[in-house]
Number of protein chains: 2
Amino acid sequence: MQTVNIGIIGGGTVGGGVVRALRRNGALMASRLDVRLRVARIAVRSRRKKRAVKLPADLLTTDWREIVEDPKIDLVVELMGGTTTAKEVVLAALRAGKPVVTANKALLAFHGEKLFAASEKSGANLYYEASVAGGIPIIKLLREGLIGNHVTELYGILNGTCNFILTQMQENGMGFDEAVAEAQAQGFAEADPSMDVDGHDAAHKVGILASLAHGFWVKPKRVFTEGIRHVTPQDLEFADQLGYRIKLLGTVKAAKDAPVQVTMYPALVPKSHVLASVGGVYNAIYLKGDVLGDTLYYGQGAGQDATASAVLGDIADAALDLKHDSPERVRAFTPHEANGEIGAIDDVVNSYYLRLNVLDRPGVLNQVASTLAKARISIASVLQPEGQEGKNVLLALMLHAAPEASMAKALKAIGKLAAVKKPTMIRVENF
Amino acid sequence: MQTVNIGIIGGGTVGGGVVRALRRNGALMASRLDVRLRVARIAVRSRRKKRAVKLPADLLTTDWREIVEDPKIDLVVELMGGTTTAKEVVLAALRAGKPVVTANKALLAFHGEKLFAASEKSGANLYYEASVAGGIPIIKLLREGLIGNHVTELYGILNGTCNFILTQMQENGMGFDEAVAEAQAQGFAEADPSMDVDGHDAAHKVGILASLAHGFWVKPKRVFTEGIRHVTPQDLEFADQLGYRIKLLGTVKAAKDAPVQVTMYPALVPKSHVLASVGGVYNAIYLKGDVLGDTLYYGQGAGQDATASAVLGDIADAALDLKHDSPERVRAFTPHEANGEIGAIDDVVNSYYLRLNVLDRPGVLNQVASTLAKARISIASVLQPEGQEGKNVLLALMLHAAPEASMAKALKAIGKLAAVKKPTMIRVENF
């Protein structure tokens, strides 16, 4: 049986998870693949660090170049994270002709094109299943299983941290800060949670999915991104009464002959839709293919083990490439929609939820309504709960579909009304 | 650009769907694959038949051998159905060294081993994504994306016809016969619906999934199979009150060092479980991997287009194999659990729902309870709706976990009680 020697760069959570999973299921994988997978070297930042998964001391090095430059290493697995040294590592490995597996979504999102060019040039493939949606093999699905489809619509809950926070706020009535603290306590959020809660992490992922679906690379700055900091328990409560949940939702929509919409923002999702029931740290991708119809993939979006499962799938593909000498069978990225372009957010047509904190006096609703009317936005329903005391009351408006540009204008005008404090808009996705 | 010449055997619903999908998305696939896919020949039963999708007259033949024996044909797509001529076609194509794509679950289920042996011998691969769960690429997921996992549990709603019938009975209060007639009227059920409603079609599919997950071929007769004919609207009503839906559910369970359970029967599924909300003709597979955790795949389980999407995915894989000369990269079937075996149904431990039609007189429930107690089965709850008139009443019992052998014995004894007519048992799956 052929042996593939694997060099792993990064001995942290994900690296440890991959080593442990290979220990557990390496023999099973060998019998399925007819290839032996051998962890030959692991590059770590410090040899002395205490680790949850013990790494064999004789395999460790603190110099990643020892792995990338070692002719006995067949396959490089980059699990260090970050976008500076990691970029150097991946480029060096590809240039040395070694296939690379990475779990690094930020690296892909920012430097994908450069990495793919290096892969193309040297003929060494780059696999990145673990970069999006943890254990859900969505990259493989888009590139292979669903290859016969135009993906007309794709919706993704792609950040487990935000989904956990929103679920806590929904189910346990927590405020945003309290829910973030809970996520941190349970290990689902970083000390600085901004990459997650401001939507950037999820935006990187939806950009990767949009790129694969439409065949042109979507850079992070082209993804209109809003986080979840402005979502309050009141919004979740109002949404519930109106028949919705609130999710941080990535969207890729491709109407015929129109630019592609690629966005990441919180959205009201009807409770009857399958995505509304995706709770906690789970991820899900719901998509429509023009041949296939609609389909959903659901699983754990992050965490040591789900990520390890995706990395193992990539290692298997790379090992089969080595065995069958077919490194370019499924290329890292295949451009296939030459004139693809991203539409401006202003042109997107959405429906909206509006939460207003208004002075409790006659005519205020009328002012708001006429401001909206001026922007040609009509009101679908108004929710003003009884029993609010004091001089301010909260109310929620559901608005009919209108272009984002009109909504932005109306929102600005409403914000200037003397009787209105803090208007908050959240989009509504009716699928 | 390389061209792959495709010969399609079967010009019916699925064949027409594949031709139409290739017309629609062939150029897209070519740009993704860098391979041109050309339908070179189509074998049909009759040249004169009226078809929903028009097939070019100059491509038609009524002799499948003209395709299989034509040296210009690179790839054979078998979409004729059945297990006799289809078997001959697939074996002849494989023996001629041509890769084959098939959507034929019955052929796979009954003759898989023979076909795989022929594939192994000639080195021509056999692809069969469309045989299970329509457009959900579950075969690819099990063989590739999830390859780093032991699949410890798998549950599947795999027959769209039965799921449609049960959904109609649930939502519209239809009786079984009425729901079958509705399914036939909408084109979801055959004139003779027995392959579907008796569970055989779904049993073939769960057998294929079990085989892929555990690496030894599971023949249809080894899959304990029960259909849905005995499920009544009362059962769906009782189940609803108890917090459940009823689904025709395939199950593959592999406890450590125990034989694998592979079964297909109707089961009560808690409403809170994601599978309970899979309605209509949809299919879904929920599985647990020992590394991955739990995950769900959902989509249209049958129909011309969903099946075509799966066939197109296989055609793409076979085309890449031809381009990169890697026909055995992912083999048709890889045995990998030499001592795998299927457990006897008698040893399976389940929970149960029991519907009884009893004489309305004192002591009857006591008789039933003591019969159950003798079999060491304890009652979890009893539901006897008020307002039943006449000398017979319906009641439902929920029973705690017990071996199937004990339940079968108890059921027989209860059936013999003079005061009880038609005891009906449905299993309960609590995941």
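Residues numbered from 1 in each chain as written. Chains lettered and ligands numbered in written order. Predicted model: local features only at pLDDT ≥ 70, side-chain atom pairs only at ≥ 80, totals over all residues. Heavy atoms only, no water.

Bringing the interface of chain B and chain A into the picture now. If you look at the interface, chain B gives 51 residues, while chain A gives 51 residues. A combined buried area of about 4,600 Å² lies between chain B and chain A, and 55% of that area is made up of carbon and sulfur atoms. The three residues of chain B that bury the most area against chain A are Arg-32, Ile-147 and Arg-329 of chain B, which together make up 18% of that side's buried surface. Taken together, chain B and chain A are joined by eight salt bridges. Taking the shortest distance from any N to any O, the salt bridge between Arg-24 of chain A and Asp-290 of chain B comes out at 2.8 Å. (Contact = heavy atoms within 4.5 Å. Buried area = accessible area lost by both parts, 1.4 Å probe. Salt bridge = Lys/Arg side-chain N within 4 Å of Asp/Glu carboxyl O.)

So, on to the sheet that holds strand β6 (residues 126-127) of chain B. Residue and element names in this part refer to chain B. The strand order across the open sheet built from six strands is β3-β2-β1-β4-β5-β6, with neighbouring strands paired in parallel fashion. Every other strand in the sheet has two partners, leaving β3 (60-61) and β6 as the edge strands with one partner each. Where strand β2 (residues 35-43) and β3 come together, two bridges link them in parallel fashion. Along β3, the bridge assignment pairs Ala-43 with Thr-61. Together, β1 (2-9), β4 (75-78), β5 (100-102) and β6 form the strand contacts of helix α3 (residues 85-95), whose direction differs from that of β4 by roughly 165°. In this fold helix α11 (residues 304-324) packs onto β1, β2, β4, β5 and β6, with an angle of close to 135° to the strand it touches most, β1. (Pairing = 2+ DSSP bridges. Helix = DSSP H or I, 4+ residues; strand = E, 2+ residues; numbered from the N terminus. Axes fitted to C-alpha atoms, helices over the stretch in contact; angles between N-to-C directions.)

In this section: the packing of aromatic side chains. The final tally for this structure, using the stated rule, is 21 aromatic pairs over all chains. Plain terms: the ring middles of Phe-116 of chain A and Trp-217 of chain A are 4.9 Å apart, the flat faces sit at 80° to each other, and that makes the pair edge-to-face. Residue Phe-116 of chain A is found in helix α4 (residues 105-122), and its partner Trp-217 of chain A is found in the loop between α9 (200-214) and β8 (224-225); the two are separated by 101 residues along the sequence. Of the two residues examined, Phe-116 of chain A and Trp-217 of chain A, each falls in the buried class. Look at Tyr-297 of chain A and Tyr-297 of chain B: their rings are 6.2 Å apart centre to centre, the planes differ by 50°, and that puts the pair in the tilted class. With Tyr-297 of chain A in strand β12 (residues 293-300) and Tyr-297 of chain B in strand β12 (residues 293-300), this pair bridges two chains. (Phe/Tyr/Trp six-rings, centres within 6.5 Å; stacked < 30°, edge-to-face > 60°. Buried < 20%, exposed > 50% of the residue type's maximum accessible area, 1.4 Å probe, protein only.)

Glancing now at the nonpolar core. If you look at the biggest cluster of nonpolar residues, it comprises 169 residues, and the most contacted ones within it are Ile-138 and Leu-287 of chain A together with Ile-138 and Leu-287 of chain B. Ile-6, Val-101, Ile-315 and Ala-319 of chain B belong to the second-largest nonpolar core, a separate cluster that totals 37 residues. (Core = buried A, V, L, I, M, F, W, Y, C linked by side-chain atoms within 4.5 Å.)

The next subject is the relation of the copies chain B and chain A. Between chain B and chain A, which share one sequence, the superposing operator has a rotation angle of 180° and an axial displacement of 0.0 Å; the RMSD is 0.0 Å. Put plainly, the chains are arranged around a two-fold axis. Residues of chain B ranked by C-alpha distance from the rotation axis are headed by Tyr-297 of chain B, positioned 2.4 Å from it. Of the interface residues in chain B, 100% have counterparts in chain A that sit at the interface too, so the contact is made through matching surfaces. (Least-squares fit on C-alpha atoms with pLDDT ≥ 70 in both.)

What follows concerns helix α4 (residues 105-122) of chain B. Residue and element names in this part refer to chain B. When the terminal C-alpha atoms of α4 are compared, their 22 Å separation across 18 residues is substantially less than the 26 Å that a helix rising 1.5 Å per residue should span. The largest bend in α4 is about 85°, located at His-111. Of the surrounding secondary structure, the elements contacted by the buried residues of α4 are β4, α3, β5, β6 and α9 (200-214). After α4 finishes, the residue Gly-123 shows a positive phi value of roughly 80°. (Expected span 1.5 Å × (residues − 1). Bend = angle between axes of the 7 residues up to and from the residue.)

As a further point, take the pattern of salt bridges. Under the criterion given, the structure shown has 46 salt bridges over all chains. Members of the salt-bridge network, linked through shared partners, are Lys-140, Glu-144, Asp-317, Asp-321 and Arg-329 of chain A together with Lys-140, Glu-144, Asp-317, Asp-321 and Arg-329 of chain B.

Our next topic: the packing of helix α5 (residues 138-145) of chain A against α9 of chain A. Geometry of a packed helix pair, given as the angle between the helix axes and the separation of the axes. Residues and elements named next belong to chain A. Look at α5 against α9: their axes get within 9 Å of each other, and the N-to-C directions meet at 10°. As summarised for this structure, α5 and α9 are arranged roughly parallel, according to the angle between their axes. Side by side, α5 and α9 meet where Ile-138, Ile-139, Leu-142 and Arg-143 of the first sit next to Ile-208, Leu-209 and Leu-212 of the second. For the contact of α5 with α9, the per-class residue count stands at six nonpolar, no polar and one charged. (Parallel < 35°, antiparallel > 145°, perpendicular 65-115°, else oblique. Nonpolar A, V, L, I, M, F, W, Y, C, P; charged D, E, K, R; others polar.)

Turning next to the sheet that holds strand β1 (residues 2-9) of chain A. Residue and element names in this part refer to chain A. With respect to topology, six strands assemble into an open sheet ordered β3-β2-β1-β4-β5-β6, the strand pairing being parallel. Edge positions in the open sheet fall to β3 (60-61) and β6 (126-127), since each of these has one partner strand only. Relative to strand β4 (residues 75-78), β1 is paired through four bridges, and the arrangement is parallel. When the bridges of β4 are listed, Ile-8 appears paired with Val-77. Packing of helix α11 (residues 304-324) onto the sheet brings it into contact with β1, β2 (35-43), β4, β5 (100-102) and β6, and relative to β1 it is tilted by some 135°.

Residue and element names in this part refer to chain A. Closest axis-to-axis distance for the helix α6 (residues 160-172)/helix α10 (residues 233-242) pair is 9 Å, and the angle between their directions is 70°. Here α6 is positioned roughly perpendicular relative to α10, judged by the angle of their axes. Every pair of crossing elements has a handedness; the one defined by α6 and α10 is right-handed. For the pair α6 and α10, contact is made by Leu-166, Met-169 and Gln-170 and by Pro-233, Leu-236 and Asp-240, respectively. (Left-handed = near helix turned anticlockwise from the far one by under 90°.)

Moving on to the domain arrangement of chain A. Taken as a whole, chain A is organised into domain 1 (2-133 + 304-324), domain 2 (138-300) and domain 3 (345-428). The distance between the C-alpha centroids of domain 1 of chain A and domain 3 of chain A comes to 50 Å. (Domains from an automatic or database assignment.)

With that out of the way, let us pick up helix α12 (residues 364-374) of chain B. Residues and elements named next belong to chain B. When α12 is considered as a whole, its buried residues turn out to be Val-364, Val-368, Thr-371 and Leu-372. All buried residues of α12 project into a common sector of 100° when viewed along the axis, lining one side. Opposite its buried face, α12 presents the exposed residues Asn-366 and Lys-374, each directed more than 90 degrees away. Residues of α12 that are buried in the fold lie against β13 (349-359), β14 (379-383), β15 (392-403), α13 (404-416) and β16 (420-428). (Arc of directions from axis to C-beta.)

Quick look at the pairing of β1 of chain B now. With six of its eight residues buried, β1 of chain B lies for the most part within the structure. One crossover worth recording links β1 of chain B to the parallel β2 of chain B by way of helix α1 (residues 13-33) of chain B, and it is right-handed. (Right-handed = clockwise from strand over helix to strand, strands pointing away.)

The subject of this paragraph is a nonpolar patch on the surface. All names here are of chain B. A surface patch of nonpolar side chains, amounting to about 200 Å² of accessible area, comprises Leu-365, Ile-379 and Val-382. For Leu-365, the position within the fold is in helix α12. Residue Leu-365 is classed as partly exposed on the basis of its relative accessible area of 36%. (Patch = residues over 30% accessible without salt bridge, like charges linked within 9 Å, V, L, I, M, F, W, Y side chains within 5 Å. Areas by Shrake-Rupley, 256 points an atom, 1.4 Å probe, with all protein chains shown as cover.)

With that settled, the discussion passes to the confidence of the model for chain A. Averaged over chain A, the pLDDT score is 95; the fraction of residues at 70 or greater is 100%. Interface confidence in the predicted complex, given as ipTM, is 0.95; pTM for the same model is 0.96. (pLDDT = per-residue confidence, 0-100.)

Moving on to the pairing of β16 of chain B. Residues and elements named next belong to chain B. Here strand β10 (residues 261-270) runs beside β16; their pairing, made up of two bridges, is parallel. Note on β16: the bridge partner recorded for Ala-267 is Arg-427. Note: β13 against β16, seven bridges, orientation antiparallel. Paired with Tyr-352 across the strands is Arg-427, a residue of β16.

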